[in-house]
Amino acid sequence: GQQLNQSPQSMFIQEGEDVSMNCTSSSIFNTWLWYKQDPGEGPVLLIALYKAGELTSNGRLTAQFGITRKDSFLNISASIPSDVGIYFCAGRRDGNQFYFGTGTSLTVIP
Amino acid sequence: NAGVMQNPRHLVRRRGQEARLRCSPMKGHSHVYWYRQLPEEGLKFMVYLQKENIIDESGMPKERFSAEFPKEGPSILRIQQVVRGDSAAYFCATSFSDSGNTIYFGEGSWLTVV
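Here we summarise the structure given alongside this text. (Residues numbered from 1 in each chain as written. Chains lettered and ligands numbered in written order. Predicted model: local features only at pLDDT ≥ 70, side-chain atom pairs only at ≥ 80, totals over all residues. Heavy atoms only, no water.)

As enumerated under the stated definition, the model contains 12 aromatic pairs over all chains in all. Judged by centre distance (5.3 Å) and plane angle (90°), the ring pair of Tyr35(A) and Phe105(B) falls under edge-to-face. With one member in each of two chains, Tyr35(A) in strand β4 (residues 31-37) and Phe105(B) in strand β10 (residues 104-105) form a pair that bridges those chains. Judged by centre distance (5.6 Å) and plane angle (75°), the rings of Phe100(A) and Phe105(B) are edge-to-face. Note that Phe100(A) is positioned in strand β10 (residues 98-100) and Phe105(B) in strand β10, a pairing that runs across two chains. When sorted by exposure, Phe100(A) lands in the same class as Phe105(B), which is buried. Ring pairs connect the aromatic residues Tyr35(A), Phe100(A), Tyr35(B), Phe45(B), Phe91(B), Phe105(B) and Trp110(B), which therefore count as one cluster. (Phe/Tyr/Trp six-rings, centres within 6.5 Å; stacked < 30°, edge-to-face > 60°. Helix = DSSP H or I, 4+ residues; strand = E, 2+ residues; numbered from the N terminus. Buried < 20%, exposed > 50% of the residue type's maximum accessible area, 1.4 Å probe, protein only.)

This part covers the interface of chain B and chain A. Listed by partner, the interface residues are 24 residues for chain B and 21 residues for chain A. Both sides of the chain B and chain A interface together cover about 1700 Å² of buried area, and 52% of this is carbon and sulfur. Our count for the chain B to chain A interface comes out at 0 salt bridges. Along the lines of polarity and charge, the residues of the side of chain B that touches chain A split into 10 nonpolar, 9 polar and 5 charged. (Contact = heavy atoms within 4.5 Å. Buried area = accessible area lost by both parts, 1.4 Å probe. Salt bridge = Lys/Arg side-chain N within 4 Å of Asp/Glu carboxyl O. Nonpolar A, V, L, I, M, F, W, Y, C, P; charged D, E, K, R; others polar.)

This is the structure in structure tokens:
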């Protein structure tokens, strides 16, 4: 199946620092989604992107749809302890399944 | 998690038994996706269904696994003759339509095979 490469695999940061993670694909996607998953829970949608070049914010989170349509990044500003979790990207071509990245595990050190 | 209901949340089965996992979509959603997640791993696509139709089952194991989404009632993922390797979290996600470019996940069903 389609492979989405997500990096970094894990991050350990100090509270208050900014975070950046990205997702790349070998194929063009029409939609990019970013999710956060806490232990024992389902993924929760953070940001949805539908157009190449689109930059969307949700509070301290900002995500962009790459202009090549093969990548996306997620930034978190001024991290706080509750940002801890696993972040997944997902991409989709029209009418097909959503492909997920392997996840970025974020640890925030108070 | 935005109204997608999965049950049971936790299920324990002995090897050789059957497991049935249910997913009730958000109100108005007619498309269901099932994903499997092994510990410390990402979400692996299994099957994509709409009411009474399987759209894409390319991620389903060829044997023992089946899925349905009847006209009435929840979507069901069925695993026959479970083995230890089937132990995982199974998530369903739903969308409004096939052009609905956002999917919302349920809380997941954790299957443990003993």
